[in-house]
Amino acid sequence: MYQYDRYDQQMVDARVADFRDQVRRRLDGKLTEDQFKPLRLMNGLYLQLHAYMLRVAVPYGTLSAAQMHMLGTIADKYDRGYGHFTTRQNIQYNWIRLEDAPDILSELSTVEMHAIQTSGNCIRNISADHFAGAAADEVADPRPYAELMRQWSSFHPEFSYLPRKFKIAVIASETDRAAMRLHDIGIRIHKNDAGELGAAFYVGGGMGRTPMISHLVREWVPLDRLITYAEACLRVYNRYGRRDNKYKARIKILLHEIGAEDYAAQVDAEYQHLLDQGVEPPFAELERIRTFFADPSFVQGLSDGVDQSDQAFAAWVQQNTHLHRMHGYTSATISLKPVGGIPGDATAAQIHLMADLAKEFSFDECRVTHAQNIVLPHVEQRRLYELWQRLDAAGLATANLDNIGDIIACPGLDYCSLANARAIPLAQKISQRFADNGKEAVIGELKLKISGCINACGHHHAGHIGILGVDRKGRENYQLLLGGSEGADTSLGKITGPGFDEDGVVDAIEKTTELYLAQRQEGERFLDTYRRIGMEPFKEVLYG
Amino acid sequence: MKILTGNDLKSGAVVWWDGRNWSLHVEDACDVGEDAAMIAAREDAERRVVVPYAIEATVDADGRIRPAHIKDRIRALGPTVRTDLTLRPADPEAGTWVI
Amino acid sequence: MAEPISGTDSEARELDDVQFRFRNDEMVDHPAVTVDAFVGQTNASAVRIEPGDDARDLLLHLDRIALVEVNFPSFGDGRGYSAARILREAGYAGELRAVGDVLIDQLSHMRRCGFDSFAPAVRLDATDAERAFATWPDVYQAAVDGRAPIWTLRHGGRDGGGNG
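Residues numbered from 1 in each chain as written. Chains lettered and ligands numbered in written order. Predicted model: local features only at pLDDT ≥ 70, side-chain atom pairs only at ≥ 80, totals over all residues.

Under an unreviewed UniProt entry, the name given to chain B is DUF2849 domain-containing protein, and the source organism is Croceibacterium mercuriale.

The name an unreviewed UniProt entry assigns to chain A is Sulfite reductase, from the organism Croceibacterium mercuriale.

Asks: Which residues make up the overall build of chain A, and what values go with them?
Replies: Across its full length, chain A holds 17 helices and 20 strands. Here the C-alpha atoms of chain A give a radius of gyration of 23 Å, agreeing with the 24 Å that 2.2 N^0.38 yields for 544 residues. Taken along its principal axes, the extent of the C-alpha atoms in chain A is 60 × 60 × 55 Å. For chain A, the residues scored as buried account for 59% of the 544 residues in total. (Helix = DSSP H or I, 4+ residues; strand = E, 2+ residues; numbered from the N terminus. Rg over C-alpha atoms; globule rule 2.2 N^0.38 Å. Buried ≥ 20, exposed ≤ 12 C-beta atoms within 10 Å, placed from the backbone.)

Asks: Which residues make up the interface of chain B and chain A, and what are the values?
Replies: Contacts between the two partners involve 20 residues from chain B and, on the opposite side, 20 residues from chain A. Elements that contribute at least two residues to the side of chain B that touches chain A include exactly β4 (50–59) and α2 (70–77) of chain B. Among the elements that take part in the side of chain B that touches chain A, α2(B) stands out by supplying four residues, more than any other. Residues of the side of chain B that touches chain A, tallied by class, amount to ten nonpolar, six polar and four charged. (Contact = placed C-beta atoms within 7 Å. Nonpolar A, V, L, I, M, F, W, Y, C, P; charged D, E, K, R; others polar.)

Asks: Run through the nonpolar core, naming residues and quoting values.
Replies: Residues and elements named next belong to chain A. Judged by nonpolar contacts, the single largest core of 230 residues is most densely connected at Tyr52, Leu54, Phe201, Cys233 and Met354. Take this core: its biggest share by element is nine residues, from helix α6 (residues 226–240). Setting aside chain neighbours within four positions, we find Met354 in contact with Met68, Ile334, Cys366 and Ile374. (Core = buried A, V, L, I, M, F, W, Y, C linked by C-beta atoms within 7 Å.)

Asks: Before we move on, could you go through the sheet that holds strand β19 (residues 475–482) of chain A and cite the residues and values that matter?
Replies: Residues and elements named next belong to chain A. Ordered in space as β16-β17-β18-β19-β20, the five strands form an open sheet in which the pairing is mixed. A single partner strand is all that each edge strand has here, and the edge strands are β16 (408–409) and β20 (494–495). For strand β18 (residues 465–472) and β19, the ladder comprises eight bridges, and the chain directions are antiparallel. Note on β19: the bridge partner recorded for Arg472 is Arg475. (Pairing = 2+ DSSP bridges.)

Asks: Give me the lowdown on the UniProt feature "domain: Nitrite/sulphite reductase 4Fe-4S" (unreviewed entry) in chain A, citing residues and values where you can.
Replies: Residue and element names in this part refer to chain A. The feature "domain: Nitrite/sulphite reductase 4Fe-4S" (unreviewed entry), as given by UniProt, occupies residues 119–273 and 402–542 in the numbering adopted here. Annotated as residues 119–273, this span is 31% helix and 18% strand, and its ends, taken at the C-alpha atoms, are 30 Å apart. Helix makes up 35% of residues 402–542 and strand 17%. Its end C-alpha atoms lie 24 Å apart. (UniProt positions renumbered as here; feature names shortened; annotations may be inferred.)

Asks: Residue-level account of the sheet that holds strand β3 (residues 22–23) of chain B, with values.
Replies: Residues and elements named next belong to chain B. Reading across from one edge, β3-β2-β1-β4-β5 is the order of the five strands in this open sheet, with antiparallel pairing throughout. Edge positions in the sheet fall to β3 and β5 (65–67), since each has one partner strand and no second. As paired strands, strand β2 (residues 14–17) and β3 are joined by two bridges and run antiparallel to one another. Within β3, the position partnered with Trp16 by the bridge is Ser23.

Asks: Any chance you could break down the interface of chain C and chain A for me, citing the residues and the numbers?
Replies: Tallying the contact residues gives 32 residues for chain C and 36 residues for chain A. Elements represented by at least two residues in the side of chain C that touches chain A include exactly α2 (79–89), α3 (107–112), α4 (126–133) and α5 (150–154) of chain C.

Asks: Lay out the arrangement of the chains in plain terms, naming residues and giving numbers.
Replies: No other pair of the two pairs of chains in contact has as many contacts as chains A and C. No part of chain B reaches chain C; the closest C-alpha pair between them is 18 Å apart.

Asks: Which residues make up the domain arrangement of chain A, and what values go with them?
Replies: Residue and element names in this part refer to chain A. Looking at chain A, the domain boundaries give domain 1 (6–109), domain 2 (127–290), domain 3 (311–393) and domain 4 (408–543). Its C-alpha centre places domain 1 at a distance of 27 Å from the equivalent point of domain 3. Taken together, the contacts link 21 residues of domain 1 with 21 residues of domain 3. Contributing elements (two or more residues each) for the side of domain 1 that touches domain 3: β3 (62–64), α3 (65–77) and β4 (82–85). The element best represented in the side of domain 1 that touches domain 3 is α3, accounting for seven residues. (Domains from an automatic or database assignment.)

Asks: I'd love a proper account of the environment of A:His114, names of residues and values included.
Replies: Residue and element names in this part refer to chain A. Tracing the sequence through the fold places His114 in the loop between α4 (101–109) and β6 (127–128). Taking C-alpha positions, His114 is 34 Å from Leu446, a pair spaced 332 residues apart along the chain. Apart from residues no more than four positions distant in its own chain, His114 is found in contact with Val12, Arg15, Ala57, Leu105, Leu108 and Ser109.

Asks: Outline the packing of α6(A) against helix α8 (residues 260–274) of chain A, listing residues and values.
Replies: Residue and element names in this part refer to chain A. Direction vectors running N to C along α6 and α8 enclose 125°, while the axes themselves pass 8 Å from each other. Relative to α8, α6 is oriented oblique. Helix-helix and strand crossings are classified by hand; for α6 and α8 the assignment is right-handed. Listed contacts from α8 to Thr228, Tyr229, Glu231, Ala232, Cys233, Arg235 and Val236 of α6 are Tyr263, Gln266, Val267, Glu270, Tyr271 and Leu274. (Axes fitted to C-alpha atoms, helices over the stretch in contact; angles between N-to-C directions. Parallel < 35°, antiparallel > 145°, perpendicular 65-115°, else oblique. Left-handed = near helix turned anticlockwise from the far one by under 90°.)

Asks: Can you break down helix α16 (residues 526–533) of chain A residue by residue, with the values?
Replies: Residues and elements named next belong to chain A. Of all the positions in α16, only Phe526, Leu527, Thr529 and Tyr530 are classed as buried. All buried residues of α16 lie within an arc of 165° about the axis, which places them on one face of the element. Turning to α16, the residues buried within the fold contact α14 (440–443), β19 and α15 (502–519). Once α16 ends, the next one or two residues include Gly534, with phi positive near 80°. (Arc of directions from axis to C-beta.)

Asks: Requested: an account of unusual backbone geometry, with residues and values cited.
Replies: Residues and elements named next belong to chain B. Here Arg47, not a glycine, exhibits a phi torsion of approximately 60°, which is positive. Along the chain, Arg47 turns up in the loop between α1 (36–45) and β4. Although it is not a glycine, Val51 adopts a positive phi angle of roughly 35°. Classification of Val51 by C-beta neighbours within 10 Å gives partly exposed; the count is 15.

Here is the structure:
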């Protein structure tokens, strides 16, 4: 994985010193809260319901064991012994003191980590396919391009006060595992007929209160023009994105209002102009970055196959492992969704254990997924049973990946000052209900996503079943959505009808799944059945 | 009654105006009546609190102050899903007080 | 690069309250006009860009401009950064002044986008500002301040580059 050189280290160190100075000026009264807020946000520091919250960047979701250990250490030393992995492959801590924040950033910098641009109206941490470098279906590892963009976007002088936040995801396979089409810019690295790599730019996707699927703005950007094209995309947005209404300020609204073609034409004109301005890095830089993502020393000539005579192990293998491009290897997902647990939360002890396992079983590497789980990308199949036993002993072997218990949930009103309703208790009740009734495995793949407000951090628009928490006359109320997907077949969920209270929505989901089980045809997932039979039969069982 | 709340600037902890100081406990909150804006502006300027705001609250049958909105009840208690981290870790009923 | 003019002396504030200036030429002594007014007349040499203005409207007239003021009514509105870069990329070499809600923590980015004078609505702490201008020992991206980005330094740029 990527390692800092002295320049990268110097930049992060400079940022720590800069933030320390900003905190000092805030505490000295030289900065008002209004002035300080965007500065702390650009360092990932929010003021939430109970305390400050610090969001630490995990660039393209990749972590070394040492970095993962540091996340555990910070949880113990500065927080209350746990952290929360987020839907943008980051981690956040809920109980941070402003006075401690510079010291935390300083500790993070010792393992090449930071909280830069994890919030604010700037280019956020770049996300990527969590199986990058391991998946059998990718044409290249997308992370070198994400790293190049990380550097380009860090402290960008022109794009630090955009109309609104800006999220970029990079993938390099047909299958989209990063919700790429729901980002402000989604980049898909692909091959042309001549076997060369290039980048397709999709612009204007997003969730929030106005969910939109992105438009293909340019099919082919040469790899030695990536930064120039991205710069053009951002400049057009910075100049023309709306600033009169924060709810209409995302780039998706700009594309919606002027049309994707007009936007593409303006970007093209800006791109032609910028080609002469020398903003593109030397191609040697991309090659330098690529060397850090070279294959680890895989054992060659291993055969595929795992002894699955232990039933519990077999269930986990079938559910939580993913096809690796090397024979004899697999990518294993550690579910952070125990039955009745808090989605995405991990204790310091669990974080340290996962760090150890990354070191012992996966070439010193692990990944955070946008579904709030952890991946060990390169595990030898012949050692899988040993890995599973270690996970099982720590309560980390829940075999529910992509099933109804593998719920994405935002922190909701338990932690978040923007939320209108709690999301976590609902996730807990649903996963408990389907564990108790034994239906989870029977139902199979069903991606359930819960947001506690319209900002959609819990990706409810993209859930096969989505839940949106709202405030209804001072009471928590939950709207149900069906038919969303963030995969290759990206679609947005539709609201079923009137909302439910907390227990009501759990019942509603059970009814929904019962209808699916009654109606499904051979091989159909919940989403397939929904797409075939439509919303009406579901409305009938819910409200009829 | 009208009570004043905010977060401590340095620690971020939820605090309530008790008439002379900022308390961690909502039970200590006093009725600020018409003085909310004046106190908030003064305390904000003195950097003893960050983003102070006034809320409606009632006094329940047990004499406890109860913020009118669920968000402020959760702020007063702590996360309902981690009662071990709330101000009433030993009280199994703490979570239901919020609802 | 010229040193910024001294900020403590009240006499130094006569010309549009400029607190920091990285140029040695004479300051323009007449007020800036709006973009519309400027494009429609020929005798003004100072123009003021508001956030909604298109800096490219000025490109045909660059040879007669000595001062462009870019107004930041609110520091969170970042359109002025693009306006500044567009002018510099087009070869504008006159004074480029950031005015309005110009604060300490935006100075380094403004400098990178080509601003060479600063007239904050509220006077800035000189020590904090000096530190702010020097925030970044190196920079990741190319802008219009002539600094070689890190990726150029790494690959045979003027600093020799390489891992250290």
